Amino acid sequence: MAPDPGIDTNQIKERARKQLLDLLEGVRGKKNLVIEQALTGSIDILIKFSTLQEHGVDKVFLLENDNVDSSQKNIIFLVGGEKASQSIAVTEQITRLQSNSSIEHEFTVLWTPRRTLVCNKILEEAGVLGDVVVQELPLRFIPLEEDVLSLCMEDSFSDLYLRKDPTSIFLAAQALMTIQDAHGLFPRIIGKGDNANRLMELLLRMRTEALAEESSVTSKFGMMPSATMESLIIVDREIDFATVLLTQLTYEGLIDEMFGIKHCQAEIDSSIVGPPPGTQPSGKGPAPPTQGRLKRKIQLDSSDKLYEQIRDANGAIVDSLLNKVARRLQSDMESRHTKTSVAELRDFVGKLPGYQSEQQSLKVHINLIEEVMKKTQSDIFRRNLEVQQNLYDGSDPSYQHDTIEELISRDAPLSTVLRLVCLESCISGGLRQRDLDNFKRLILQAYGYQHLLTLAALEKIGLLQTRASANVLMNPLGVGGGAPEGTKTNYNYLRKVLRLVVDEINEQNPNDIAYVYSGYAPLSVRLVQSILQKQHLLTITKGAAAASNSGNFSNAPQGWQGFEDAVRNVKGATFNKVQKGEEAATKARHMLTGTGGKPKTVVVMFLGGITYTEIAALRFVAKQMEGRRKILICTTDIISGERMMEVAIEKRDFGKV
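Residues numbered from 1 in each chain as written. Predicted model: local features only at pLDDT ≥ 70, side-chain atom pairs only at ≥ 80, totals over all residues. Heavy atoms only, no water.

Caption draft 1: Quick look at the overall build of the protein chain. The secondary structure content of the protein chain amounts to 27 helices and 14 strands. Counting every position in the protein chain, which comprises 657 residues, the buried fraction comes to 53%. Sequence separation of at least 24 residues holds for 80% of the intrachain contacts in the protein chain that already meet a minimum separation of 6. Only carbon and sulfur atoms are counted for the fraction: they give 50% of the accessible area of the protein chain, which is about 29,800 Å². (Helix = DSSP H or I, 4+ residues; strand = E, 2+ residues; numbered from the N terminus. Buried < 20%, exposed > 50% of the residue type's maximum accessible area, 1.4 Å probe, protein only. Contact = heavy atoms within 4.5 Å. Areas by Shrake-Rupley, 256 points an atom, 1.4 Å probe, with all protein chains shown as cover.)

Caption draft 2: Looking closely at the packing of helix α21 (residues 523–532) against helix α22 (residues 534–542). In contact at an axis separation of 6 Å, α21 and α22 are set at 120 degrees when each is read in the N-to-C sense. Classified by the interaxial angle, the pair formed by α21 and α22 is oblique. In this structure, α21 uses R526, Q529, S530, I531 and L532 to contact α22, whose residues at the interface are K534, H536, L537 and I540. (Axes fitted to C-alpha atoms, helices over the stretch in contact; angles between N-to-C directions. Parallel < 35°, antiparallel > 145°, perpendicular 65-115°, else oblique.)

Caption draft 3: Just the pattern of salt bridges, in detail. The full count for this structure, using the stated rule, is 34 salt bridges. Between D22 and K18 there is a salt bridge whose closest N-O contact spans 2.9 Å. Of this pair, D22 and K18 both sit in helix α1 (residues 9–25), four residues apart, which is roughly one turn of that helix. D22 gets classed as partly exposed once you look at its relative accessible area, which sits at 43%. We classify K18 as exposed; its relative accessible area is 52%. (Salt bridge = Lys/Arg side-chain N within 4 Å of Asp/Glu carboxyl O.)

Caption draft 4: Representation of the sheet that holds strand β1 (residues 31–35) within the structure. Reading across from one edge, β2-β1-β3-β4-β5 is the order of the five strands in this open sheet, with parallel pairing throughout. The outermost strands of the open sheet, each flanked by one partner alone, are β2 (57–62) and β5 (132–136). Pairwise comparison of adjacent strand axes, ignoring direction, gives a mean angle of 20 degrees for this sheet. Here five bridges tie strand β4 (residues 106–112) to β5, and the two strands are oriented parallel to one another. (Pairing = 2+ DSSP bridges.)

Caption draft 5: A look at the sheet that holds strand β9 (residues 229–236). In spatial order, the strands read β6-β7-β14-β13-β9-β8-β12; together these seven strands make up an open sheet with mixed pairing. Edge strands, defined here as strands with exactly one partner in the open sheet, are β6 (142–145) and β12 (574–578). Within this sheet the neighbouring strands show an average axis-to-axis angle of 20 degrees, counted without direction. Of the strand pairs in this sheet, strand β7 (residues 148–150) and strand β14 (residues 629–635) are connected by three bridges, and their pairing is parallel. Residue pairing across strands places L149 opposite C634, the latter belonging to β14. Packed onto the sheet, α1 meets β6, β7 and β14 and runs at close to 135 degrees relative to β6. Lying over the sheet, helix α8 (residues 194–212) contacts β8 (188–192), β9, β12 and β13 (600–607), oriented at roughly 140 degrees with respect to β9.

Caption draft 6: Summary view of helix α5 (residues 117–125). Along α5, the residues classified as buried are C119, N120, I122 and L123. All buried residues of α5 lie within an arc of 165 degrees about the axis, which places them on one face of the element. More than 90 degrees from the buried face of α5, the exposed residues found are L117 and E125. In the core, the buried residues of α5 are packed alongside α4 (84–100), β4 and β5. (Arc of directions from axis to C-beta.)

Caption draft 7: Layout of empty space enclosed by the protein. Inspection of the entire model under this criterion finds five cavities of 30 Å³ or more. In this structure, the largest cavity encloses a volume near 170 Å³. Of the volumes computed, that of the second largest cavity is approximately 100 Å³. Taken together, L144, E145, V148, E252, I261, C264, L300, R311, Y612, I615, R619 and I638 make up the full set of residues lining the second largest cavity. (1 Å grid on protein atoms, 1.4 Å probe; cavity = no way out; pocket = protein on both sides within 12 Å on 5 of 7 lines; lining within 4 Å. Points joined across faces, edges and corners; volume = space filled by probe spheres on them.)

Here is the structure:
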């Protein structure tokens, strides 16, 4: 079960849901809804189709399909307002309906999360701005779980690091401001990374602007430090690309790696997990071959109580956990034979739907873990994992080149090869020029010359670099010819200082976050620990005696105190800002409300995306601090090594005409 984050995320969900329904209610009568495909997952989390029907929605169309019909007079477009291509698609469909339909339609365009000047300009130039009602649907954070809020911005990684577009930073600042409006200012903002620093500066500027505006709509305590929140920690994805490039080894992470999880759902072949409950194949003969290729959507969130228990466990122990559940269920079902009184039988019948639901969930996850284990036992997967572990262990990277070249010659997936090459580049401070040239040549010859663009994109993101100096590995502090401070993340130094590699891991009863990668502790989460669990981290890195000599740290986070050297070897700007309100008002507020000794919430914001393994690691940290602090995880989107590579991989084949 996910730890309590201390902030009711259901309120955020209900607020967004109400905003959408109010806008739909504002259009009287029956209406057709045209929605951008990228928004369908977010809307599905907020509201079900049956509820849309109750509020007058007759049919739902995808914008990309360009097939909206003229069956209703009212047509509503729900589209992201940041991309010109979506605005152009809206104008084209409005123009087509106006010219082809005999009905005089009334059009409403809902831009989310905001209306932009580009959107207006495109509507105006197409000559339809005067024919439509334009409104905003300010969707900010979408609760994926009670402890995870996401902006669900699929392009946030590519926007920030490939296109260098800061829009994601601005939208993240707006979303965090809504939390401050509801709960008060973050008393302290701590973070690492250049984009994280820009987000912090935006938050401070937005606060100043809100104070300056007489019409600023804030809660009674909105511009005073919060009594329920302790701090905001901002992690820029750029400081730790290596963690994303590694293969995720928690159960949820493995499902994401192999099948992909999107908005808490995974589409999985029905031949693996079986048909949906209540559907039986017709006839007694074998199913036709096409039957096995049908996809079934599996809900993967806390609504499935069994999944909630096993998702953050290391994939290697999930089968044993499922075995225990199966034995317990069998015992519970057989207990019906011992029921003698009417009251006992009635109690059992009342629990029967729960048993049946758990049994169905158990069947799905047994089939799923069998398929996952089958894939993890393949030779390519094992060789890939071996190279990854050798790289983060600190072995000489050149010894891994033969294995990478072998994977290329065996036609391993391009994304697998690129992840390994990029992982070596990130961990080793870049590749030697001759090694990089050799890998480029092999990749182009094996996978096609269109991937010149792929390699260029990886270089632009910063995933593929040449080694600035041969001394970078031997010069952790960047003195005398190594990488200047803050320009690269020096994993070779941090591996020892923050103990990123843990040799002995108990996967059944883990005592360190390194269990999520079977021996590697994500750097991003180690940095969060250096703020929230200073004494604990000093104990595991320097020993109990050294930790006690370092002095006692108070419960409140004191920024990077005690880990200044480590932070200097992480890429990007470092900051630790305190937000203060009016002294008299703050004192009065604490007298009136106080905290009653209750644990405060720390908001951890990942800018550029977070992996499921990092979420599992943060939940592990939250459980260790239970009773002292709570953690609310925020992110621009969920990311993985595969999605990271998809951003860069060139899809077009220029050899075909």
